[in-house]
Amino acid sequence: MKEETANKLKILVGAAKYDVSCASSGSNRPNKGKGLGNTAPWGICHSFTEDGRCISLIKLMLTNYCIYDCAYCANRNSNDIPRSTFTVKEVADLTIEFYRRNYIEGLFLSSGVIKNPDYTMERMVRVAKELRNRNYNGYIHLKSIPGASEELQQLAGMYADRLSVNIEIATEPNLKMLAPEKNFKSILNPMKFIRNKIIENKEERRKFKHAPRFSPAGQSTQLIIGATPDNDKHILTLAGGLYNSKNLKRVYYSGFIPVNDYDKRLPALQEPPLKRENRLYQADWLFRFYGFSINEIVNDDHPDLDLEIDPKLSYALRNPWLFPIDINKASYETILRVPGIGVLSAKKILLARRYKSLDINNLKKIGVVLKRAKYFITCKELKEPTINELKPEGVRGILLHHEKPKLSNYVTQHKQLSLFSTN
Amino acid sequence: MNIFIYDQTFEGLLTTIYEAIELKVRPDKIVSAKSFQDDLFAIKNYVTTDHAKFESIWNQVNKKTTQQVCQRIFQAFLSEGPDIEMLIYNYIKLIIDTPYNIEVNFSDNFVLKLTNIQKKVGRETQRVIMFVRFQKTIDDIYYASFDPKYNVIPLTISHFRNRFADQKWVIFDTRRKYGYYYDLNEVREVTIGNQKVNNNSGKVENDILHVSEKLFQKLWKSYYDTINIKERKNLKVHMQFLPKRFWKFLPEKDFKNKMVLS
Ligand code: SF4
């Protein structure tokens, strides 16, 4: 492993970096027979890039040669860029050597399509198999190639902890426009196959404890945001449908970074839509953990998320008649709907109110942040006006006015500042 | 003024609490023998650590609450905070004196304080698990230095032992000058005598590094630099997740590892 590997690493990591998924969670593969590695169900980050993202896996492309020509992709066939291909052994060695030094939780492997989907997928499966043969029990995430045979998907799931098939574009006509070789069917079919296998496997493992696992950390997908005019309702409705019908573990939203600005099918963006991406993640959480339906978050009247305020606050301001709620009486589900109160705080409130009726100081003490919440709740000795008196516009005004620059605002702010300094 | 003096071990502290309860005195201070400065007017109680007394307290806590609470108390102890002994005394006394389980009564000051300290210790433990970086040596031992705020290395041992079962490793606490060595069979507490590790940077000296070690550090640094998306640069979040105090042990943050490619 020498300079050549170093060169390949640069090319094939650079080629893989726009896939945002880096989760290593959801699997609890034990270290069997005193081998190397295990997986932590909660996932572990081992470093953070300067863009603030968690590094948990070594993210590589097996090759960045590709016969396809997707408009949004840096590795598309028509781009004249350095190309390279790893050998199976190189990827296995890198993964194991990094793993042994505690740099990573495991491997995330994707690939450009060479020759045909099966040929490509077969090589990816060989990497995973090689690693497991070397008694490596760390995390493996394989990005399935749309159009690969079910036999190969099946094999992939036997070795990997997670499989993913990326949809990238939220509506089919737009997908076809930007990626003529792809369609929804070629992506949704493998998802369905993987889902069925996972369910089957769970059943099997209930009966036979030692039945081999199939993709124990489930499957995920990625949607690119802002490369097409699709609105947040399109995106979230698709995501919600995938969570429900394909049992996806995660949908990742990736703000579009213009890599091929010569392609006029793509919008010219000044900067990636990071704010919108962030709001989509928040909406996704409301759907998965807070009991909101997609329709409550986005609908025909509000097809796009409000960029200025988070989707829960936005929901509350649109539905003022549901508030204020009584912290000492309301159900867990209702408390969860209060802007600014998260799962942890809601649970703490439920526990603490068993001992006594809570007042505002009790809430503060157990760590409930009241900045936003106070307009939507009543409890002992809270004398501040609520949304009833202030009206939604009033609350919105106060909160926007006081809102300190958030981390997610940082990118835009940073740009504005540098405007001044160049004058 | 009632001062209890113990041997700075967890067993010793629980023995102390046992004795205070037995004597029906409320300690004004519990200090370790090492940090104790004599006080002429105080009543001094020198405590001899006693396993049976320790167990008695441990079991009472366990019965009244849950296994997690026992763990929480132990972890809070590892914070080595200045008044941690009295806080643990007050917390345990509260558990024993209250007929019901107070574990989640966060409106109580002691409960809240102890829980918060334990959380900090838990976070530091997680950081060790995240940021430990092994360097491979010529005798195939994977060595790592760390400088944790709290005395948390013991809490990480089972994780590393399960994960790296087929390699020898050492994790060394540079602040407290002790560490653990796994020899493929068992984990032992060790101190390190020789001068082959730089105490500031935690780096193993070149002559005992494995021939491939530098290469993998460089490959990792190269990976780290390449995976970054510069259009998304966000140093504020970066610094929040990866505070500077951890950088000295991270090869990806060491500019000397920069790979020069032809
Ligand atoms: S198939 Fe994948 S690698 Fe190939 S051009 Fe499309 S997105 Fe890029």
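It should be emphasised that the depicted structure is a prediction, and the values quoted were computed from it without experimental measurement.

### Considerations on the packing of aromatic side chains
The final tally for this structure, using the stated rule, is 28 aromatic pairs over all chains. Between A:Phe48 and B:Phe241, the ring centres sit 4.9 Å apart and the planes meet at 25 degrees, which makes this aromatic pair stacked. Pair noted here: A:Phe48 is in strand β1 (residues 47–48) and B:Phe241 is in helix α8 (residues 235–241), and the two residues belong to different chains. Taking relative accessible area as the criterion, A:Phe48 reaches 6% and is therefore assigned buried. Residue B:Phe241 is classed as partly exposed on the basis of its relative accessible area, which comes to 34%. The structure contains a cluster of three or more aromatic residues connected by ring pairs, namely A:Tyr99, A:Tyr136, B:Phe134, B:Phe160, B:Phe164, B:Trp169 and B:Tyr182. In this structure, A:Arg288 is placed above the aromatic ring of A:Trp285, and the distance from its NZ or CZ to the ring centre is 5.9 Å. Of note, A:Arg337 hangs over the ring of A:Phe292, and the distance from its end group to the ring centre comes to 4.0 Å.

### Observations regarding the domain arrangement of chain A
When the domains of chain A are assigned, the result is domain 1 (3–30 + 38–217) and domain 2 (318–419). A straight line from the C-alpha centre of domain 1 of chain A to that of domain 2 of chain A covers 40 Å.

### Focus: the state of the cysteines
Simply put, the disulfide is a covalent bond whose two ends are the sulfur atoms of two cysteines. Residue and element names in this part refer to chain A. Under the criterion given, the structure shown has 1 disulfide over all chains. Each disulfide pairs two cysteine sulfurs, and for Cys45 the partner residue is Cys54, the sulfurs being separated by 2.2 Å. Measuring the twist about the S-S bond at about -110 degrees, one finds the Cys45-Cys54 disulfide to be left-handed.

### Focus on the interface of chain A and chain B
The accessible area lost on association of the parts is a frequent measure of interface size. On the chain B side, the residues contacting the 59 residues of chain A number 62 residues. The largest per-residue losses of area from chain A upon contact with chain B belong to A:Glu50, A:Arg101 and A:Tyr355, which jointly make up 13% of the total buried on that side. Joining chain A to chain B, the criterion identifies 4 salt bridges. Two residues, B:Arg232 and A:Glu277, come together in a salt bridge whose shortest N-O distance is 2.6 Å. Elements with a contribution of two residues or more to the side of chain A that touches chain B: α1 (3–14), β1, β3 (57–61), α2 (88–100), α8 (274–289), α12 (343–352), α13 (360–365) and α16 (410–421) of chain A. Sorting elements by how many residues they give to the side of chain A that touches chain B places α1(A) first, with 7 residues. Of the residues assigned to the side of chain A that touches chain B, the class counts are 29 nonpolar, 14 polar and 16 charged.

### A closer look at helix α5 (residues 109–131) of chain B
The end-to-end C-alpha separation of α5(B) is 33 Å, in line with the 33 Å expected for 23 residues at 1.5 Å each. Where α5(B) begins, one side-chain oxygen reaches toward the backbone nitrogen of B:Phe110, 2.8 Å away; that side chain belongs to B:Asp108.

### Remarks on the confidence of the model for chain A
Across chain A, the average pLDDT comes to 88, with 95% of residues at or above 70. For the stretch residues 404–423 of chain A, pLDDT sits under 50, and the model shows 16 contacts to residues farther than four places along the chain or on other chains.

### Notes on the pattern of salt bridges
Residue and element names in this part refer to chain A. Inspection of every chain in the model, using the stated rule, returns 41 salt bridges over all chains. A salt bridge links Arg126 to Glu122; the nearest nitrogen and oxygen atoms lie 3.4 Å apart. Of this pair, Arg126 and Glu122 both sit in helix α3 (residues 117–133), 4 residues apart, roughly one helical turn. A residue is classified by how much of its surface remains accessible, and Arg126, at 39% relative accessible area, is partly exposed. Classification of Glu122 as partly exposed rests on a relative accessible area of 33%. Through salt bridges with shared partners, a single ionic network connects Asp69, Arg76, Asp263 and Arg265.

### Notes on the sheet that holds strand β6 (residues 168–173) of chain B
All names here are of chain B. With mixed pairing, 5 strands are arranged side by side in an open sheet as β4-β5-β6-β7-β8. The open sheet terminates on both sides in strands that have one partner only, identified here as β4 (135–136) and β8 (187–190). Along the sheet face, helix α6 (residues 153–163) touches β5 (141–146), β6, β7 (178–182) and β8 and points at about 165 degrees away from the line of β6.

### Describing the domain arrangement of chain B
All names here are of chain B. Here chain B is described as being made up of domain 1 (2–125) and domain 2 (131–257). Across the boundary between the two partners, domain 1 contributes 9 residues, which contact 10 residues of domain 2. Regarding the contact of domain 1 and domain 2, the summed buried area is about 890 Å², with carbon and sulfur atoms giving 62% of it. Considering only the surface of domain 1 that becomes buried against domain 2, Leu78, Glu124 and Thr125 emerge as the three largest contributors, covering 62% of it.

Rules used in this analysis
Residues numbered from 1 in each chain as written. Chains lettered and ligands numbered in written order. Predicted model: local features only at pLDDT ≥ 70, side-chain atom pairs only at ≥ 80, totals over all residues. Heavy atoms only, no water. Phe/Tyr/Trp six-rings, centres within 6.5 Å; stacked < 30°, edge-to-face > 60°. Helix = DSSP H or I, 4+ residues; strand = E, 2+ residues; numbered from the N terminus. Buried < 20%, exposed > 50% of the residue type's maximum accessible area, 1.4 Å probe, protein only. Lys NZ or Arg CZ within 6 Å of the ring centre and 35° of its normal. Domains from an automatic or database assignment. Disulfide = S-S within 2.5 Å. Contact = heavy atoms within 4.5 Å. Buried area = accessible area lost by both parts, 1.4 Å probe. Salt bridge = Lys/Arg side-chain N within 4 Å of Asp/Glu carboxyl O. Nonpolar A, V, L, I, M, F, W, Y, C, P; charged D, E, K, R; others polar. Expected span 1.5 Å × (residues − 1). Polar contact = N/O pair within 3.5 Å; in protein donor to acceptor, adjacent residues only side chain to side chain. pLDDT = per-residue confidence, 0-100. Pairing = 2+ DSSP bridges. Axes fitted to C-alpha atoms, helices over the stretch in contact; angles between N-to-C directions.

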